[in-house]
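Here are the chains, one letter per residue:
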Amino acid sequence: MVSIRVAKQLVLTPSMGWGGTSWKDPFVTLTFPRKVIFTGASLLLLLVHMGIFGGDLYHFTVTQKFNLMSFHGTTVLLISHVMSFYWALLATFYTLEANDKVLRGFALTSLVMNFALFVGRFCLDYLTIEYREEIY
């Protein structure tokens with residue numbers, strides 16, 4: 001899954017030290033396949049969103065302390081939900097092309113869960129709209 005690419009370039013510049021070598025010669029880059037990156041990023045954001053949604057749901061139903069809910073970050077939360085859904089969609093497309101059944105299962109699960117969590121967040125924000133403190 002992870003590949004390491006070592007690229008050596010000999011570029012003659014005035015900043016080279018003794019012997020014509022530069023500190024940039026043994027440049028190592030780590031590359032990951034796109035399908036793994038998008039799936040991992042969408043699953044990570046899904047876990048963060050589930051934690052925030054769980055906290056908001058707890059404060060709305062159990063404690064009824066509406067000032068502890070994440071009203072101040074609704075715009076950022078909805079934008080990050082859309083971004084996570086988009087990453088899950090890209091991961092699904094890449095895994096469908098690669099014929100990797102295990103990763104396809106993770107990508108499709110991430111896609112469905114991100115969509116369900118976005119709908120849940122939208123419904124919770126709609127239900128709690130009268131408890132918001134709006135400052136203009």
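Cut-offs and rules
Residues numbered from 1 in each chain as written. Predicted model: local features only at pLDDT ≥ 70, side-chain atom pairs only at ≥ 80, totals over all residues. Heavy atoms only, no water. Axes fitted to C-alpha atoms, helices over the stretch in contact; angles between N-to-C directions. Helix = DSSP H or I, 4+ residues; strand = E, 2+ residues; numbered from the N terminus. Left-handed = near helix turned anticlockwise from the far one by under 90°. Contact = heavy atoms within 4.5 Å. Nonpolar A, V, L, I, M, F, W, Y, C, P; charged D, E, K, R; others polar. Patch = residues over 30% accessible without salt bridge, like charges linked within 9 Å, V, L, I, M, F, W, Y side chains within 5 Å. Areas by Shrake-Rupley, 256 points an atom, 1.4 Å probe, with all protein chains shown as cover. Salt bridge = Lys/Arg side-chain N within 4 Å of Asp/Glu carboxyl O. Buried < 20%, exposed > 50% of the residue type's maximum accessible area, 1.4 Å probe, protein only. Expected span 1.5 Å × (residues − 1). Core = buried A, V, L, I, M, F, W, Y, C linked by side-chain atoms within 4.5 Å.

**Q** Whenever I open this one, the packing of helix α1 (residues 34-63) against helix α2 (residues 74-98) confuses me. Can you help?
**A** Between two packed helices, both the angle of their axes relative to each other and the distance between the axes serve to describe the pair. Where α1 meets α2, the axes come as close as 8 Å, and the angle between the chain directions of the two elements is 145°. The handedness of the crossing between α1 and α2 comes out as left-handed. Residues R34, K35, F38, T39, A41, S42, L45, L46, H49 and I52 of α1 pack against L77, S80, H81, M83, S84, W87, A88, L90, A91, Y94, T95 and A98 of α2. Of the residues in the contact of α1 with α2, the class split is 13 nonpolar, seven polar and two charged.

**Q** Any chance you could explain a nonpolar patch on the surface here in plain terms?
**A** A grouping of L47, M50 and M113 is seen on the molecular surface, where their side chains present a nonpolar patch of about 280 Å² in accessible area. By the secondary structure assignment, M50 is in helix α1.

**Q** Honestly, the pattern of salt bridges in this entry has me stumped. Any pointers?
**A** Pairing between side chains becomes possible if they bear opposite charge and their charged atoms approach one another. Scanning all chains against the criterion turns up three salt bridges. Across the pair R121 and D56 runs a salt bridge whose closest N-O atoms are separated by 2.7 Å. Taken together, the residues span a long stretch of sequence, with R121 in helix α3 (residues 101-127) and D56 in helix α1 at a distance of 65 residues. Its relative accessible area of 3% is what places R121 among the buried residues. In this structure D56 comes out as buried when scored by relative accessible area, which is 4%. A salt bridge links D125 to R132, with the shortest nitrogen-to-oxygen separation between them at 3.8 Å. Assigned by exposure class, D125 and R132 land together as buried.

**Q** Looking at this model, I keep getting lost on α3. Mind explaining?
**A** Since the α-helix advances by 3.6 residues per turn, residues separated by three or four positions end up pointing in the same direction. Taking 1.5 Å per residue, 27 residues should reach 39 Å; α3 reaches 39 Å between its end C-alpha atoms and fits that length. Within the sequence span of α3, burial applies to L103, A107, S110, L111, N114, L117, G120, R121, L124 and D125. Of the surrounding secondary structure, the elements contacted by the buried residues of α3 are α1 and α2.

**Q** Would you mind showing me how to read the nonpolar core here?
**A** Soluble globular proteins tend to bury their nonpolar side chains together. Residues L46, F53, F60, M69, F71, L117 and L124 constitute the largest nonpolar core, which totals seven residues. When residues of this core are traced back to their parent elements, those giving at least two are α1 and α3. A total of three residues in this core trace back to one element, the largest contributor, which is α1. The contacts of F53, once residues within four sequence positions are left out, are L117, G120, R121 and L124.

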